[in-house]
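# Survey of secondary and tertiary structure
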Amino acid sequence: MSSTNQDRPTAGELVPVKFSRLTRRGVLLGLSLTQLITLAIGGATLIGAFYAGGGMLLAYSAPIWVLAAALTWIPIAGRPIVEWLPIACWWLWRTTGGQLLYRRRIVVPRPVGTLALPGDMARLREYTDPDTGAGMIHDPHAATLTVVCEVTHPAFVLLDPGEQERRVSSWGRVLATVCRSGRIATLQVLERTLPDSGTGLAEWWATHGTPDGSWAADTYAELIDRAGPAGERHATTLSLSLDMKTSARQIRTAGAGMRGAAAVLRQEMNTLIAALRSADLSPSGWLTPGHIAVMLRSAYDPAIAATLERHGRLGQSLATAGPVAVTETWGKLRTDSAHHAVLWVSEWPRSLVYPGFLSPVLLSTGIQRSFSLICTPMRSDAAARDIRRKKVEHISDQAQRAKIGQIEDASQTAEYHDVLQQEADLTAGHGILRYTGLIAVSAPTGEELDAAVAAIEQAAIQASCETRLLVGQQAAAFTAAALPLCRRV
């Protein structure tokens, strides 16, 4: 994200910013590798038939090269048909293998330390840090160790412009801190709406109220009892994932194994906590395995969330926190007590926007949703190499287009300017992160889900963003959007 404001702002003014465009360049002349392979097959067939005899051979081979041309250039939902083939083939494979249905085997015991989650998340392991008591989630295949922290903050939209600008700058320093160590695989910001059990209002009334038996006191207490469970609240968590491959040397120095990895991750945790506090954010401590279990159970079974919150120790076991049943369809996901759909933020604002531009999405009422911002930090040297590679590709493509007489597109020029801006930001000491925005929408019924998805799509339009429904991969997308486990799609 880079600022393009030409005028120097005065004190107390918000600075508008602009996101870098999603790179859509291909390997050659805007064509991706799969498009080039498909086009090469069709071209080889056409040329071979022409030189072998032409005429009838061209007619016989027409289905091959016509199909190759159609797969290469005909788009469906913004993608060429050939780029849909891997998704469709993988979906077909999972359908024939029975992988779209999950039912918990309540009789067969699970291995100790594993999470009762569907799909490839069944490989996840839990580990409790002996020093902090934090629950850590270990992915042995991806070689990552993840920890979750809950963060509280004041209402950003209610702050004055000067305070908003200061907090935005402070958050930028937090992200730069995450990029510097080179040992962080992913940072996930998860903001979700939860049905309020009313315990917060009841605790406030018990602490500050005066139950003297008067009409006003009785009416206020009755109002709290009725309105509390019908409301909703917002909760924000930060998930930090350690790359155990990159940190292998530090892990061996700290004692090797999970204990050494926990010690290295603990250093990153302390650094992040200090950065959050300097940004005037209030971390409420690293979540224990019990708190993580409640979050997982509430995501798959939203109807039980308020009950788990009211009863302190219920559901705080990762061994039983997963869903009982999951059914995945092409564009939706059905779990214990809700229907879900995951939207991908495919386009961030292309024009100048102010930091609170996501407020139509995040402050939407009456919709149960989770907004997940997955940040993948890049080390400075890797980011510099990536920027140099992009510059060379842009210049080469520009020269190739000029050679064949193709007109330069304005979007390609804008992408090149974005690369130059990223290089300038990196030189100025900022961190480079890759962002992925996901929105998981939940509802009790399919009809209510369709209405909620339409409302979120409209809110995204108001936020100058474009969203797309992730088809054929709803189960994997839901784990990345609704669970604080630093998963990727």
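Residues numbered from 1 in each chain as written. Predicted model: local features only at pLDDT ≥ 70, side-chain atom pairs only at ≥ 80, totals over all residues. Heavy atoms only, no water.

As annotated in an unreviewed UniProt entry, the protein chain is PrgI family protein from Tessaracoccus bendigoensis DSM 12906.

Often, the extent of an interface is quoted as the loss of accessible area upon association of its parts. Annotation of the protein chain at the domain level lists domain 1 (30-96), domain 2 (107-195 + 230-480) and domain 3 (197-229). Computed over C-alpha atoms, the centres of domain 2 and domain 3 are 36 Å apart. (Domains from an automatic or database assignment.)

Here the focus is the packing of helix α12 (residues 380-404) against helix α13 (residues 410-427). Relative orientation of the contacting elements α12 and α13 amounts to 155 degrees, with a least axis distance of 10 Å. Between α12 and α13, the crossing angle belongs to the class labelled roughly antiparallel. α13 is crossed by α12, and the crossing has left-handed handedness. When α12 is examined against α13, the residues Ser 380, Ala 383, Ala 384, Ile 387, Lys 390, Lys 391, His 394, Ile 395 and Arg 401 are found in contact with a partner set consisting of Gln 412, Glu 415, Tyr 416, Val 419, Leu 420, Gln 422, Glu 423 and Leu 426. For the contact of α12 with α13, the class distribution of residues is eight nonpolar, four polar and five charged. (Axes fitted to C-alpha atoms, helices over the stretch in contact; angles between N-to-C directions. Helix = DSSP H or I, 4+ residues; strand = E, 2+ residues; numbered from the N terminus. Parallel < 35°, antiparallel > 145°, perpendicular 65-115°, else oblique. Left-handed = near helix turned anticlockwise from the far one by under 90°. Contact = heavy atoms within 4.5 Å. Nonpolar A, V, L, I, M, F, W, Y, C, P; charged D, E, K, R; others polar.)

Together, Leu 33, Ile 37, Ile 41 and Ile 64 make up a nonpolar patch on the protein surface, roughly 380 Å² of accessible area in all. Looking at the nonpolar patch element by element, the count peaks at three residues for helix α1 (residues 33-52). Assignment of secondary structure puts Ile 37 in helix α1. A relative accessible area of 45% places Ile 37 in the partly exposed class. (Patch = residues over 30% accessible without salt bridge, like charges linked within 9 Å, V, L, I, M, F, W, Y side chains within 5 Å. Areas by Shrake-Rupley, 256 points an atom, 1.4 Å probe, with all protein chains shown as cover. Salt bridge = Lys/Arg side-chain N within 4 Å of Asp/Glu carboxyl O. Buried < 20%, exposed > 50% of the residue type's maximum accessible area, 1.4 Å probe, protein only.)

Attention shifts here to the environment of Leu 314. Mapped onto the secondary structure, Leu 314 falls in the loop between α10 (305-310) and β10 (325-328). Classification of Leu 314 as partly exposed rests on a relative accessible area of 44%. Taking the C-alpha atoms as reference points, Leu 314 and Gly 213, 101 residues apart in sequence, are found 34 Å from one another. Not counting the four nearest positions on each side in its chain, Leu 314 is found in contact with Val 294 and Leu 308.

A complete count under the given rule lists zero disulfides for this structure. Its sulfur unpaired, Cys 465 is 14 Å from the next cysteine sulfur, which belongs to Cys 375. Lacking any disulfide linkage, Cys 486 is separated from the closest cysteine sulfur, that of Cys 375, by 9.5 Å. Classification of Cys 486 as buried rests on a relative accessible area of 8%. (Disulfide = S-S within 2.5 Å.)

Note: predicted coordinates in regions of low pLDDT should not be interpreted at a detailed level. Averaged over every residue, the pLDDT of the protein chain is 83; residues scoring 70 or more account for 91%. Within the protein chain, helix α5 (residues 199-208) has the poorest average pLDDT of any element, 68, and strand β11 (residues 333-334) the best, 94. A low-confidence stretch, residues 1-8 stays under pLDDT 50, and its non-local contacts, those more than four residues away or across chains, total 18 contacts. (pLDDT = per-residue confidence, 0-100.)

Our next topic: unusual backbone geometry. Phi is positive for Ala 143, which is not a glycine, with a value near 55 degrees. By secondary structure assignment, the location of Ala 143 is in the loop between β5 (135-139) and β6 (144-152).

The next point concerns the side chain of Thr 193. For Thr 193, the location among the structural elements is in strand β7 (residues 184-195). In this structure the side chain of Thr 193 is engaged in a polar contact, spanning 3.3 Å, whose partner is the backbone oxygen of Ile 367. Among the polar contacts made by the side chain of Thr 193, one reaches the main-chain amide nitrogen of Arg 369 at a distance of 3.0 Å. Among all residues touching Thr 193, those that are not within four sequence positions of it are Arg 233, His 234, Ile 367, Gln 368 and Arg 369. (Polar contact = N/O pair within 3.5 Å; in protein donor to acceptor, adjacent residues only side chain to side chain.)

All right, on to the pairing of strand β13 (residues 368-378) then. In terms of burial, β13 is a largely internal element, nine of the eleven residues being buried. In this structure, β7 lies alongside β13, joined through six bridges in antiparallel fashion. In the strand pairing of β13, Gln 188 is matched with Ile 374. With eleven bridges joining them, β13 and strand β14 (residues 432-443) adopt antiparallel strand pairing. Note on β14: the bridge partner recorded for Phe 371 is Ile 439. (Pairing = 2+ DSSP bridges.)

This part covers helix α8 (residues 257-278). With 22 residues, α8 should reach 32 Å at 1.5 Å per residue; the first-to-last C-alpha distance of 32 Å fits that figure. Just beyond α8, the residue with positive phi is Asp 280, at close to 65 degrees. (Expected span 1.5 Å × (residues − 1).)

Further remarks concern the packing of aromatic side chains. What the rule picks out here adds up to two aromatic pairs. Seen from their ring centres, Trp 91 and Trp 330 are 5.3 Å apart, and the 85 degrees between their planes marks the pair as edge-to-face. Taken together, the residues Trp 91 in helix α3 (residues 81-96) and Trp 330 in the loop between β10 and β11 connect sequence positions 239 residues apart. Judged by relative accessible area, Trp 91 falls into the buried class, the value being 16%. (Phe/Tyr/Trp six-rings, centres within 6.5 Å; stacked < 30°, edge-to-face > 60°.)

We now examine the pattern of salt bridges. Enumeration over the complete set of coordinates arrives at 19 salt bridges. With a shortest N-O distance of 3.9 Å, Asp 301 and Arg 297 are connected by a salt bridge. Of the charged contacts in the structure, one is a salt bridge between Lys 332 and Asp 450, with a shortest N-O distance of 3.0 Å. Residue Lys 332 is located in the loop between β10 and β11, and its partner Asp 450 is located in helix α14 (residues 446-462); the two are separated by 118 residues in the primary sequence. Judged by its relative accessible area of 28%, Lys 332 falls in the partly exposed class. The exposure class of Asp 450 is partly exposed, given its relative accessible area of 43%. If you follow the salt bridges from partner to partner, you end up with Asp 120, Arg 123, Asp 139 and Arg 487 in one network.

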